[in-house]
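# Secondary and tertiary structure notes
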Amino acid sequence: HGTRAELTNCSIESCGAMDGGAIYVGDRASLTLTNSTIAHCRADLGGAISLSGGSKATLLNSRITSCSSKTHGGAVNMQDVYSESAGILSSLYQEGASLTLINSKIAHCHAGATGGALAADTHTTVGGQPNSITVIDSSIIGCSATAGGGALTVSRSSLAALVDSRISNCSSLGEGGAVFARSTS
């Protein structure tokens, strides 16, 4: 619970990785990004940021632009960490990952599969809390996904809440030009 990264008035540009093109937050770590920008980053999962293992990220007055992932979460991808035994998935962490956007903007991001801007998938069936996304006074503009959720995808038992926020000009070649919510994979 103790590892924290706090970035204020920072710019991260043109970075790439397999998981989290700019930033990877895992194993119960936390990230606070304030008055900062992530742009032109790319990854297989989470074009700008990837969260897993009970991690938490808060973006305050920040921007993510023109990032992409080959699969899920053009800007941010959230996944749980689990084990499987006898066909039952068990969470390795009691809490899911959480993302909070406040007065922030995600624009022109793309996912090769789901969640042009944001994607949350909770695989576990036993022992864990779902991944959660909270978007407050923020906007998602011009994002796209190939399979579903031009702006946002929430899968299985993941949770999402948007309050006083705006989604515009997002698209998907599959389901949900703006939001794709599904209970199975």
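In this report, we go over the structure that sits alongside the text.

## A word on the pattern of salt bridges
According to the stated counting rule, one finds two salt bridges in the structure shown. Between R4 and E6 there is a salt bridge, with the nearest N and O atoms lying 3.8 Å from each other. For E6, a relative accessible area of 56% puts it in the exposed group. Of the charged contacts, one joins K70 and D44 as a salt bridge, the two residues approaching to 3.6 Å between their closest N and O atoms. On the criterion of sequence distance, the pair formed by K70 in the loop between β11 (68–69) and β12 (76–79) and D44 in strand β7 (residues 42–45) is long-range, its members being 26 residues apart. Residue classification places K70 among the exposed positions, given a relative accessible area of 66%.

## Concerning the pairing of strand β9 (residues 56–60)
Alternating residues of β9 divide into A57 and L59, all buried, and K56, T58 and L60, none buried. Judged from the five bridges that link them, strand β5 (residues 30–34) and β9 form a sheet pairing that is parallel. Counted as the bridge partner of L31 is A57 from β9.

## What to know about the environment of L31
By the element assignment, L31 lies in strand β5. Taking the relative accessible area as the measure of exposure, L31 reaches 2% and is therefore buried. Expressed as a C-alpha distance, the spacing of L31 and K56, which sit 25 residues apart in the sequence, is 6.3 Å. Beyond its immediate chain neighbours, meaning those up to four positions away, L31 contacts A5, L7, I23, V25, I49, K56, A57 and T58.

## Topic: unusual backbone geometry
Its identity as a non-glycine residue notwithstanding, S66 has a phi of 55 degrees, on the positive side. Within the fold, S66 resides in the loop between β10 (63–65) and β11. The phi dihedral of H108 is positive, around 55 degrees, even though this residue is not glycine. Within the element layout of this structure, H108 appears in the loop between β16 (105–107) and β17 (110–111). The exposure class of H108 is exposed, given its relative accessible area of 52%.

## Some points on the sheet that holds β16
Strand order across the open sheet formed by six strands is β2-β6-β10-β16-β20-β24, with parallel pairing between neighbours. Taken across any chain shown, the strands that pair with only one partner, and hence form the sheet edges, are β2 (11–13) and β24 (166–168). Taken over all neighbouring pairs, the strand axes of this sheet differ in orientation by 5 degrees on average, direction set aside. Looking at chain direction, strand β6 (residues 37–39) and β10 are connected through three bridges and run parallel. Residue pairing across strands places A39 opposite T65, the latter belonging to β10.

What counts as what
Residues numbered from 1 in each chain as written. Predicted model: local features only at pLDDT ≥ 70, side-chain atom pairs only at ≥ 80, totals over all residues. Heavy atoms only, no water. Salt bridge = Lys/Arg side-chain N within 4 Å of Asp/Glu carboxyl O. Buried < 20%, exposed > 50% of the residue type's maximum accessible area, 1.4 Å probe, protein only. Helix = DSSP H or I, 4+ residues; strand = E, 2+ residues; numbered from the N terminus. Pairing = 2+ DSSP bridges. Contact = heavy atoms within 4.5 Å. Axes fitted to C-alpha atoms, helices over the stretch in contact; angles between N-to-C directions.

Fair warning: the whole summary comes from geometry, so function is off the table for now.
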